[in-house]
Amino acid sequence: MTDLGPLRSPVIVGRDDLVALAQRRVEEVLAGSSQFTLVSGEAGIGKTRLLRAIGNVARDRGMRVAHGELAPQDHDVLAASFLDLGRAMRRDPAFGPMGRELLAIADARLNAKLARRRDFVMEVVDLIAASTEPTMLAFEDLQWADDLSLEILSDLARQTRTKPLLLVGAYRSNEAVNSAVLREWRSRLVTQRLAEEVRLRRLTRDETALMTTLILGTGLPAPRDVVDAVHARTDGVPLHVEELCNALGRERLADSRAVLDAAVPETLEDATLVRIGRLSVAAQAVARAGAVLGRSFNPAVLAGIMNRPVEALDDPIQELVDHDVLDPGSEARHYDFRHQLLRDALYRSVPAGDRRRFHARAAEFGAMLEGASEIHASVHYERAGMTEEAFQTALAAAKQAMKLSSHREAFDLFKRAVDNMPANLPEAERVRILLLYSDAAANVDRNALSADLSTRAREMALRVGEPILAVEALVNLASFARREGESVTSRRDGARRLLNELESAPPSAERETFRVMGLWLLALAEQDACRFVEARALLSEAREIASTSAVPGDTLWMDNYLAQLDVIDGRVAEGLARIRSIGDETRARGMEDVGVGCYNAATVMAIRAMDFREANVGLAEGLRYAESVEQSYCGHWLQSSEAMVSWADGRWDDALRQGGQALSDPGSAGSRAMAQWAIGYVQAGRGRRREAEENLLPAVAWARAAERLDMLLPAQWGLAEAALHGGDPERAATLADDALRVAREAGEWTLIAPFAVVGVRAHLAAGRPDAAIRYLEQFKRAIGPGAEIARPAIEHATGLVRLAEGAIGAAREHLEAAVRRWEERGLRWEALWAQLDLAGTLLRSNRFADAMALTHEVQNAATAMGSEPLLARATQLSRVARGRGEETDPWHPLTAREFEVARLVAHGLTNAEIGERLFVSPKTASAHVEHILAKLGVARRAEIAAWTSTIAVAAGSATSGAPAISGTPTAR
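Residues numbered from 1 in each chain as written. Predicted model: local features only at pLDDT ≥ 70, side-chain atom pairs only at ≥ 80, totals over all residues. Heavy atoms only, no water.

Draft legend 1. Representation of the sheet that holds strand E7 (residues 326-328) in the model. If you walk across this open sheet you meet the three strands as E6-E8-E7, and the pairing is antiparallel. Each end of this open sheet is capped by a strand with a single partner; those strands are strand E6 (296-297) and E7. As judged from the two bridges shared by E6 and strand E8 (residues 335-337), these two strands associate in the antiparallel manner. Among the inter-strand pairings, Ser296 is bridged to a residue of E8, identified as Asp336. Packed onto the sheet, helix H16 (residues 314-322) meets E6, E7 and E8 and runs at close to 105° relative to E7. (Pairing = 2+ DSSP bridges. Helix = DSSP H or I, 4+ residues; strand = E, 2+ residues; numbered from the N terminus. Contact = heavy atoms within 4.5 Å. Axes fitted to C-alpha atoms, helices over the stretch in contact; angles between N-to-C directions.)

Draft legend 2. Expanded view of the sheet that holds strand E4 (residues 165-172). Strand order in this open sheet of five strands is E2-E3-E4-E1-E5, and the pairing throughout is parallel. If you trace the sheet from one side to the other, it starts and ends with strand E2 (64-68) and strand E5 (196-199), each paired once. When the angles between neighbouring strand axes are averaged without regard to direction, this sheet yields 20°.

Draft legend 3. Focus on the pattern of salt bridges. Enumeration over the complete set of coordinates arrives at 79 salt bridges. Of the charged contacts, one joins Arg118 and Glu151 as a salt bridge, the two residues approaching to 3.0 Å between their closest N and O atoms. Within this pair, whereas Arg118 is found in helix H5 (residues 117-129), its partner Glu151 is found in helix H6 (residues 147-159), the two being separated by 33 residues in sequence. Taking the shortest distance from any N to any O, the salt bridge between Asp327 and Arg338 comes out at 3.1 Å. Residue Asp327 is located in strand E7, and its partner Arg338 is located in the loop between E8 and helix H17 (340-348); the two are separated by eleven residues in the primary sequence. Three or more residues are tied together by salt bridges with common partners; here these are Arg482, Arg491, Asp528, Arg708 and Asp710. (Salt bridge = Lys/Arg side-chain N within 4 Å of Asp/Glu carboxyl O.)

Draft legend 4. Geometry of the confidence of the model for the protein. With 94% of its residues at a pLDDT of 70 or more, the protein shows a mean pLDDT of 88. Across the protein, element-level confidence peaks in helix H37 (residues 709-725) with a mean pLDDT of 97 and bottoms out in helix H49 (residues 941-958) with 66. Note that residues 367-372 has pLDDT below 50 and, in this model, five contacts with residues that lie over four places away or in other chains. Within the model, pLDDT remains below 50 along residues 953-972, and this stretch shows 59 contacts once partners closer than five positions in the same chain are excluded. (pLDDT = per-residue confidence, 0-100.)

Draft legend 5. Highlighting the side chain of Thr272. Mapped onto the secondary structure, Thr272 falls in helix H13 (residues 266-277). In contact with Thr272, not counting residues within four places along its chain, are Leu342 and Ala345.

Draft legend 6. Here's a closer look at the pairing of strand E3 (residues 135-139). Most of E3 sits inside the fold, with five of its five residues counted as buried. Every second residue of E3 is oriented toward a common face, with Thr135, Leu137 and Phe139 on one face and Met136 and Ala138 on the other, all of them buried. As paired strands, E2 and E3 are joined by five bridges and run parallel to one another. Among the inter-strand pairings, Val65 is bridged to a residue of E3, identified as Met136. Note that the unit made of E3, H6 and E4 has a crossover that is right-handed. (Buried < 20%, exposed > 50% of the residue type's maximum accessible area, 1.4 Å probe, protein only. Right-handed = clockwise from strand over helix to strand, strands pointing away.)

Draft legend 7. Representation of the packing of helix H35 (residues 669-685) against H37 in the model. H37 packs onto H35 with a crossing angle of 15° between their chain directions and a minimal axis gap of 9 Å. Judged on the interaxial angle alone, H37 and H35 are roughly parallel. Pair H35 / H37 crosses with left-handed handedness. In this structure, H35 contributes Gly670, Ala673, Met674, Trp677, Tyr681, Ala684 and Gly685 to the contact, and H37 contributes Asp710, Met711, Pro714, Ala715, Trp717, Gly718, Glu721, Ala722 and His725. For the contact of H35 with H37, the class distribution of residues is ten nonpolar, four polar and two charged. (Parallel < 35°, antiparallel > 145°, perpendicular 65-115°, else oblique. Left-handed = near helix turned anticlockwise from the far one by under 90°. Nonpolar A, V, L, I, M, F, W, Y, C, P; charged D, E, K, R; others polar.)

Draft legend 8. Representation of helix H32 (residues 619-628) within the structure. Regarding H32, the residues found buried are Leu619, Gly622, Tyr625 and Ala626. For H32, the angular spread of buried residues about the axis comes to 115°, placing them on one side. More than 90 degrees from the buried face of H32, the exposed residues found are Arg624 and Ser628. Residues of H32 that are buried in the fold lie against helix H29 (572-588), helix H30 (592-608), helix H31 (612-616) and helix H33 (632-648). Two residues or fewer past H32, Glu630 is found with a positive phi of approximately 55°. (Arc of directions from axis to C-beta.)

Draft legend 9. Up close: the packing of helix H27 (residues 532-546) against helix H28 (residues 552-568). Packing of H27 against H28 brings their axes to within 9 Å, and their N-to-C directions diverge by 160°. By the angle between their axes, H27 is roughly antiparallel relative to H28. The handedness of the crossing between H27 and H28 is left-handed. The segment H27 lies against H28, with Phe532, Ala535, Arg536, Leu539, Ser540, Ala542, Arg543 and Ala546 engaging Asp554, Thr555, Met558, Asp559, Tyr561, Leu562, Leu565, Asp566 and Ile568. In terms of residue class, the contact of H27 with H28 is made up of ten nonpolar, two polar and five charged.

Draft legend 10. Here's a closer look at empty space enclosed by the protein. Scanning the entire structure with this criterion turns up five cavities of 30 Å³ or more. For the largest cavity, the calculated volume is near 80 Å³. Around the largest cavity, the lining residues are Leu18, Leu21, Ala22, Arg25, Thr37, Val39, Leu50, Ile54, Leu166, Val168 and Val198. Breaking the lining of the largest cavity down by element, the ones donating at least two residues are helix H1 (16-30), strand E1 (35-41), helix H2 (47-60) and E4. Looking at which element gives the most residues to the lining of the largest cavity, the answer is H1, with four residues. Looking at the lining of the largest cavity residue by residue, the class counts come to nine nonpolar, one polar and one charged. What lines the second largest cavity is simply Arg64, Met98, Ile128, Ala129, Ser131, Glu133, Thr135, Lys163, Pro164 and Leu165. (1 Å grid on protein atoms, 1.4 Å probe; cavity = no way out; pocket = protein on both sides within 12 Å on 5 of 7 lines; lining within 4 Å. Points joined across faces, edges and corners; volume = space filled by probe spheres on them.)

Draft legend 11. Structural view of the nonpolar core. Formed by 173 residues in total, the largest nonpolar core has its most connected members in Trp520, Trp647, Phe755, Val760, Trp822 and Leu870. Ala66, Leu102, Leu103 and Leu137 belong to the second largest nonpolar core, which has 41 residues in total. (Core = buried A, V, L, I, M, F, W, Y, C linked by side-chain atoms within 4.5 Å.)

Draft legend 12. Region of interest: the environment of Ala807. Topologically, Ala807 is positioned in the loop between helix H41 (791-805) and helix H42 (808-825). Taking the C-alpha atoms as reference, Ala807 lies 47 Å from Glu621; in sequence the two are 186 residues apart.

Draft legend 13. Here's a closer look at the packing of aromatic side chains. Under the counting rule described, the total for this entry stands at 17 aromatic pairs. Ring centres of Phe82 and Phe139 lie 5.0 Å apart, and the angle between their planes is 45°; this geometry places the pair in the tilted category. Highlighted residues: Phe82 in helix H3 (residues 80-91) and Phe139 in strand E3, separated in sequence by 57 residues. Taken as a pair, Phe82 and Phe139 share a single burial class, namely buried. (Phe/Tyr/Trp six-rings, centres within 6.5 Å; stacked < 30°, edge-to-face > 60°.)

Draft legend 14. Local environment of unusual backbone geometry. The backbone of Ala79 sits at a positive phi, close to 55°, despite the residue not being glycine. Mapped onto the elements of the fold, Ala79 is located in the loop between E2 and H3. Look at Ala79 and you get buried, because its relative accessible area is 0%. The phi dihedral of Asp324 is positive, around 60°, even though this residue is not glycine.

Draft legend 15. Just helix H45 (residues 868-881), in detail. With 14 residues, H45 should reach 20 Å at 1.5 Å per residue; the first-to-last C-alpha distance of 20 Å fits that figure. Within H45 the residues assigned to the buried category are Pro869, Leu870, Leu871, Arg873, Ala874, Gln876, Leu877, Ser878 and Val880. Two or three places before Leu870, at the start of H45, stands the capping residue Ser867, its side-chain oxygen 3.4 Å from that residue's backbone nitrogen. (Expected span 1.5 Å × (residues − 1). Polar contact = N/O pair within 3.5 Å; in protein donor to acceptor, adjacent residues only side chain to side chain.)

Below, the structure written as structure tokens:
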């Protein structure tokens, strides 16, 4: 293990309700009423840690705290709990002489020849009760306490009801049941209302996830498959979680397979075997044989593999139940091991020869069990060393799991089949199995493994003269290439090579199926290259071929992608409706992979069309569907989409959690890039430029390498936003200009939409209103069929430009439309900025009440979102409304047009040259110059140039923290 220290959760998990209860009890004690709380639970459940947490609560409120601890051997030591308590008090100055006096009483009374038990009890109680200082006394492992310690505790609880004393005792619940003394003692205290009892439960799956996340300490949620593995191995017992994590170390802990395959930590294994060693020989034999069968077993099958009558197992099984090794199942015919790690430790202790023999018999007898299948038999055959049988049963079970869309199960079973392939298996059959395993790996997003399997299969197919199988492997490799970000150029070449190989392959139904796939892959490459006409032609050709085949899913799959092109072409509602219709149809027909792909496509395309309300339609159902059919590839995309929708809706903490989970889980590079957008957008919106760039720059690099504009522009927009909020409008403007240029060159008109606002804002914040106007005009010319998609952004940007020009009425109309349209699209972030821009416009019209109503609404939303830029702008507007600030453009008292003329004057241009540059007459340019001189109160053009330079400096400084102005806040 590479970690320098033990891996521990830095906080107690899953016990918030009990800590809250402790806080209430501490307050009651401080008010003068003693309390006694008993904490029970199984070994490793976290009793000691909870007592420590309660102690911290008590100390924080000024109470003194002491613990009395026990070991198993203390059961026969008189007053052992109070002896240890006295030693703890003696070490703590807060208790003064109390510890020494307690130990002195014990020495005098317990060693006296005529010791009277009752006298000792009362002296100890009187000593502790005499103090008026708020105190907490904690007693751990009371299952090992002697009778005298329990008696003192009982009397202490009775005699101190009006004292500021908190008593807390902990014990193992199973040993309380088995100990008549402890059981009777606990019952008497609870029924007489002298104590309350709380029972610690095991951690839920989500609580195990939190604990594993805290232990990993990466800042990202623990991968879901790792959490599932940890929870399966530990059953949510906190000690087991920490011990397993320590046994693995952080590096191996991030791998779910390593978690599942890890040996039981030595600390737990030793404790388990010592515990089992105290049982009868018959019970130990049953426990070990049952462990070979699995976590759960049927006594009839167990009797069969042990070659004993079933009734001979009754007493040993009951003994195991009584000692918390087994739990009776919901049906009397089954028994479960209390913990998976307990079962694993027992399994490892079975001699190798017995283990193989039991597995072989388990495979035979397991087939007779109700609900059993070849899956169970394949495991036992493999562990019995019967590879031929393991191969046959695993392969049959894997194919059946694939048909049922049990993709994770199919993946594990194909691995077992491949691991046990007979040496004499024909190579063509090996190729087919490798390709099936590759498909299963792709379904659970194990893309690197899937590509490796397809590469091996292709090499083998070419070697043995199986051209169609070689092409099938090439189809898989081309699919993975897109997932993982191989360049469009390379993917286009790969798809063409695939189609060329098919031309020379012998005619067959499979050849036509793969031709459809080859055309589809080539169409995807063209789509990603923004060659939408070519992509549509290829998809239409593929659909025509598919319509004559016996695979209806291929036709519907092409229809799905044709509908996606409809969305890109601006027919958003029509395209999304068609995608969802295909999803419903394929789901109803049991075409799970096509169906879940449509759910994913509808969400991703709605995001691309900047309509997050539409993206949210069916998103939750899509996530459930992907999970139910174990289709991890689409599931990961949907999870990243969920993070994007949460960002858009203003649920930014949810977006960070969901995006972090998508990054943590093993998914495709593309889905991880989308998760990085969501996280980057949140961080940019909170004014954290560095954190935003840490997520967005890798997404940009991946998109550039993949030559995918659809993945580049969203990340680049986030970088522009982060730069603008970080006080760098020049960088924001450069990013916006570059995005507009590449989109125009490529003919991409959907993903450029949000740049309208950030581009205009950046140029205005940099003191270039003329550049802002030009940017908007260029944007509107470039947007083409995407004008309706970009409508909210165009309205918003136009409102900003009109406001900068001083056209208050026109600005208000555009900004009101922008607020309405952004809200219709579900984009809370943009809608809130539009509201602030509208508030700034209303202030210009002296409509202070309306402006402040909008501002206060934004302040509340921004506070919930944690958006510092929004709050800063809202605060500035509030100051203006109260007369404590000034809401003016940096070029005030000039208009935006006059400022543009002033800048040209500053560059030394004559009136004629200015007119030529601005496409106006020299007379009009001269009039502008005269107005500028009058408004500035200067007489010479040189003075105009001097004034302009000061405005450029002011505009630049405003972007780095000075108050924003004129509805063009520098923080935005």
